[in-house]
Structure formats: structure tokens, C-alpha cells
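Below, each chain spelled out in residue letters.
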Amino acid sequence: MRIDRFHMERTQSLYENEVEYNLSESGVQPLTVAELLGDELDAAALGAIGLKYAESNGSALLRERIATFYPGATRDNVLVTTGGSEANYTTLWGLLDADTRAAVMIPNYMQSWGLARAFGQRADPYRLVERSGPEGRRWALDIDSLERAVTRRTRVVFVTNPNNPTGAVLREDEMDAIVQAARRANAWIVSDEVYRGAEVRTDVTTPSFWGRYGKVIVTAGLSKAFGLPGLRIGWIVGPATTVAKLWSYQDYTTLTPGILSDRLARLAMEPARRERILARTRGIIRRNLPRVEAWIAGQGDLLDYVPPVACAIALVKYHAPIGAVRLFKRLRLEHSVLITPGAHFGLPGKYIRIGYGYDMDRTLAGLARIGQFFGEFRTSSASNSTARTGVRHFARSATLPSVKRPHVKELV
């Protein structure tokens, strides 16, 4: 089996600890153990836990509490994994083979794309595209591309909702269209919902695909909306027989979650505490996003973006004569700032993703350096009216092009 290079994760692991300002993170400031436990902090009780193997599919109490996040689910519908990444890996490994194909939402966290190409015959993209309507601009499901991507050979329709990197949330009619397409092909829907609970303007949690169709598997975990990435706890929610089958695949990988992670995750997923944690995340997002938006507005015609509906990330379009990967490299090398280029999400065009869920003073300091970099183009355009006209042309023409597959080569 050959597998594509996972450009985003590789560049983060190489450079996130080398730069002064890491704006590539996509979660929120992690909770401490003391913040998670609150008044229940008992160092003696933690110290008494034996560091043995935990239950390999997750403890019964943890699975019960995860199930409460998905109406109608029980603990038999839940398999605990080592992070959401293992949830996706195990699921696609178990569902795909060399004779099957996967339809994958693009732009996306490209783990799903790489795994679909490795475990299946091929990956077929369907797209979110920028559209304007009475309610303003949004990233919307391109139904035509969905219909092209889902064929009789499709085994999996992979969704990320809320979406990374756009922060978009599918509307009910868009979710219905995905269900209908999957049903026609008798395909599985695999819905990565790791950002569910990190909504920007509502306290209503994003609807899940769970329960909308008999062949739905949801993957998620504690890393993003819950602010607990260090626990490395994820999960698969699906039909009980399918979950039992996927459990056997983990006998060949991590075997079991960590015992301390399982015990702390039980506390995080207790329903009342779960809602307090999600409220904290939403509070961070709502405090920080207006300051990022003010910075974007301050860059004039050079920057533009569609506001996220969820997630602590902003996908920003820029209008300057430099490619996204080249921009990513120059910001890192010349300004010690790490962002993520749109190309790392299969997105052509001039986009960068900026995380804003961590320390806001440091985030703004990093953004100031990006502004200094873009100042080169403002200075050039101010001194040459022809160049200024060219920048405006970029702004008019930088729409998402229609391409048959994501541009995923030569990304670093």
C-alpha cells in the first residue's frame, strides 16, 4: 500500500515549534487538568489509578456518555479510539478495498483524501463553493459535483461538518442531498464531526448525520470543540455490528486508549460538564473572532473572507501576486509565522487558514507580521497605479475555479 504525503500534518510537525507565532492551530486553548476537574480535583485519587491497560474499546461509562451526544445511540454504538485521526483511519480501513471508491468533500482535512486513495480504488472530490445569496456569502454544497462524485462504485461518502478549513456548516437541505446520494449508491456516510459544538453565533449544537440513514458512521473526539487534544481520545459511532467489526481492526494498531485519558474523558463527557466545556469554547471563539475580523478589514482590498459558522479558524482569501504555498514559506522563513495554505486542504487559489483559538495577544502579534508582509504589495500598488489596477483585478477574478480534482502535488 502506498500513501500520499500528508502535507499539512508534516509541515506542522516540522515547523510549529520553530516559529515565534504559530497560527496554524485549529482548536482552542486547551483545558488544564485542574480546569477539567474543577472542585472534583483529587490528586490522591488520580495518583491511585493503576497504569494498566484500559478496556480496549473504551470503558463502558465513557461509551455511555459519548452516546448521549448522539440521540438514540447506546454504548454498543460507540468505539473509543486514540484521537479522531484513528477513528477516521480505522473506519476507512474497515470500509474500503481496492474495488471501491470514496467521494470526499473538498476542501477538507486531507487525511480522508489520503486514506481513501490508499485503502480504496480512488477518491472522487465533491465541493464546497463560495456563493452569495439573500443572507450573504457562504460556503455551500455544490450539488452537481456531489452527483458526479457518487456513483454505483462509491462505498463511502466522506463529510466534514462543521467543515475544516472553511468553518461552514451544512444546511438541512444539503445534508438531505448527501443522504439521498449515499442511499442511491447504497454507500456509507462517514461524517467527521470533530468541530461539532464550536459554533460561532448560536448555542445550538450543529446537527449530526447520526440517525438520518441506516449506513451512517460518525467520527469525532475531544481535540477541537472540547479543547482536550492531549487526551488523544476519539470515537466512532455507528451501527453496533459495524462498530464490533471495526473494533477488531484496532487489535492491529493502538489496542487500547490510555487509562488516564479514558478516566478524564469520562468526566469531560458527563452531559452537564460537556455543555460547560462547549460553552467555554464558544466563548473563546466569540471573543476572539471580532478582533481577527478587524485585522482583516484593516488590510483593505488585499484580504477577503467568508465568516465561519463554527470552528476557531478563518479561511482568508488574499489578492496579491504570490501563490499560497510560496506565501506560506516566506511567512515562515522571513517572519517566523506559521499559517496553513489552502493547497494543503485541496483548495486551489489564494487562500490561507488562520487559527484564532489560542492566546489572542500572540495571535494579533503574528497577524501584524502578516500585515507587514502584505505591506510590500500595498507599497508597490500605491506607487504604481497600473499595479493597483492589477491588484483590483485579482480581487475580481479570484473566484474558486472549477477543477476535476484537488491540487495536491508540490505542496511543500
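Shown above is the structure to which this text applies.
None of the values given here were measured: they were computed from a predicted structure.

Describing the overall build of the chain
Within the chain, the regular secondary structure consists of 14 helices and 14 strands. Taken against the 2.2 N^0.38 rule, which gives 22 Å for 412 residues, the C-alpha radius of gyration of the chain at 21 Å falls within 12% of a compact globule. Its C-alpha atoms put the chain at 70 × 55 × 40 Å along the principal axes. Scored against the burial criterion, the 412 residues of the chain give a buried share of 57%. Taking all contacts inside the chain whose residues are at least 6 apart in sequence as the whole, residues at least 24 apart take part in 74%. Taking the average place of the 54 positive charges on the side chains of the chain and the average place of its 42 negative ones, the gap between the two points comes to 5 Å.

Here's the deal with empty space enclosed by the protein
Counting across every chain of the model gives one cavity of 30 Å³ or more. Here the largest cavity defines a volume of roughly 40 Å³. Forming the walls of the largest cavity are Ser26, Gly27, Val28, Tyr195, Ala198, Lys224, Ala225, Thr281, Ile285, Cys311 and Ala312. Classifying every residue of the lining of the largest cavity gives seven nonpolar, three polar and one charged.

Some points on the pattern of salt bridges
Considering all chains together, one arrives at 23 salt bridges under this definition. Salt-bridge contacts for glutamate 130 lead to arginine 137; the nearest nitrogen and oxygen are separated by 2.8 Å. In this structure glutamate 130 comes out as partly exposed when scored by relative accessible area, which is 21%. Among the ionic pairs, arginine 138 bridges to glutamate 174, the shortest N-O distance being 3.0 Å. On the criterion of sequence distance, the pair formed by arginine 138 in strand S5 (residues 136–141) and glutamate 174 in helix H8 (residues 172–185) is long-range, its members being 36 residues apart. Note on accessibility: arginine 138 and glutamate 174 belong to one class, buried. Connected through salt bridges with shared partners, the residues Glu55, Asp262, Arg263 and Arg266 form a single ionic network.

Re the sheet that holds strand S14 (residues 351–355)
Spatial strand order, S10-S11-S14-S13: four strands in an open sheet with antiparallel pairing. Two strands close off the open sheet at either side, each with one partner strand: strand S10 (303–305) and strand S13 (340–341). Of the strand pairs in this sheet, strand S11 (residues 313–318) and S14 are connected by five bridges, and their pairing is antiparallel. Looking across to S14, one finds that valine 316 is bridged to isoleucine 352.

Side note on the sheet that holds strand S9 (residues 233–237)
The sheet built from eight strands is open, its strands ordered S2-S9-S8-S7-S6-S3-S4-S5 with mixed pairing. Whereas interior strands pair on both sides, the edge strands pair on one side only; in this sheet they are strand S2 (78–82) and S5. The sheet shows a mean angle of 20 degrees between the axes of neighbouring strands, taken without regard to direction. Here strand S3 (residues 101–106) runs beside strand S4 (residues 122–133); their pairing, made up of six bridges, is parallel. Across the sheet, valine 104 pairs through a bridge with proline 125, a residue of S4. Running over the sheet, helix H9 (residues 240–249) touches S2, strand S7 (188–192), strand S8 (216–221) and S9 and is turned about 30 degrees from S2.

Things to note about unusual backbone geometry
Following isoleucine 106, the chain continues into proline 107 via a peptide bond in cis, with omega recorded as 5 degrees. Here proline 107 lies in the loop between S3 and helix H6 (111–119). If you check the backbone angles, arginine 232 has positive phi at about 55 degrees while not being a glycine. We classify arginine 232 as partly exposed; its relative accessible area is 37%. Unlike most non-glycine residues, cysteine 311 shows phi in positive territory, near 85 degrees. Tracing the backbone through its elements, the reader meets cysteine 311 in the loop between S10 and S11. Assessed through its relative accessible area of 0%, cysteine 311 is described here as buried.

With respect to the packing of aromatic side chains
Under the criterion given, the structure shown has 11 aromatic pairs. Ring geometry for phenylalanine 69 and phenylalanine 226: centres 6.1 Å apart, planes at 70 degrees, overall edge-to-face. On the criterion of sequence distance, the pair formed by phenylalanine 69 in the loop between helix H4 (60–67) and S2 and phenylalanine 226 in the loop between S8 and S9 is long-range, its members being 157 residues apart. Classification of phenylalanine 69 as buried rests on a relative accessible area of 5%. Ring geometry for phenylalanine 373 and phenylalanine 374: centres 5.9 Å apart, planes at 70 degrees, overall edge-to-face. Taking relative accessible area as the criterion, phenylalanine 373 reaches 0% and is therefore assigned buried. Accessibility expressed as a relative area gives 0% for phenylalanine 374, which makes it buried.

Reading the values: the criteria
Residues numbered from 1 in each chain as written. Predicted model: local features only at pLDDT ≥ 70, side-chain atom pairs only at ≥ 80, totals over all residues. Heavy atoms only, no water. Helix = DSSP H or I, 4+ residues; strand = E, 2+ residues; numbered from the N terminus. Rg over C-alpha atoms; globule rule 2.2 N^0.38 Å. Buried < 20%, exposed > 50% of the residue type's maximum accessible area, 1.4 Å probe, protein only. Contact = heavy atoms within 4.5 Å. Lys, Arg positive; Asp, Glu negative; His and termini not counted. Charge placed at Lys NZ, Arg CZ, Asp CG, Glu CD. 1 Å grid on protein atoms, 1.4 Å probe; cavity = no way out; pocket = protein on both sides within 12 Å on 5 of 7 lines; lining within 4 Å. Points joined across faces, edges and corners; volume = space filled by probe spheres on them. Nonpolar A, V, L, I, M, F, W, Y, C, P; charged D, E, K, R; others polar. Salt bridge = Lys/Arg side-chain N within 4 Å of Asp/Glu carboxyl O. Pairing = 2+ DSSP bridges. Axes fitted to C-alpha atoms, helices over the stretch in contact; angles between N-to-C directions. Phe/Tyr/Trp six-rings, centres within 6.5 Å; stacked < 30°, edge-to-face > 60°.

Without other data, these values stay purely geometric and don't point to any function.
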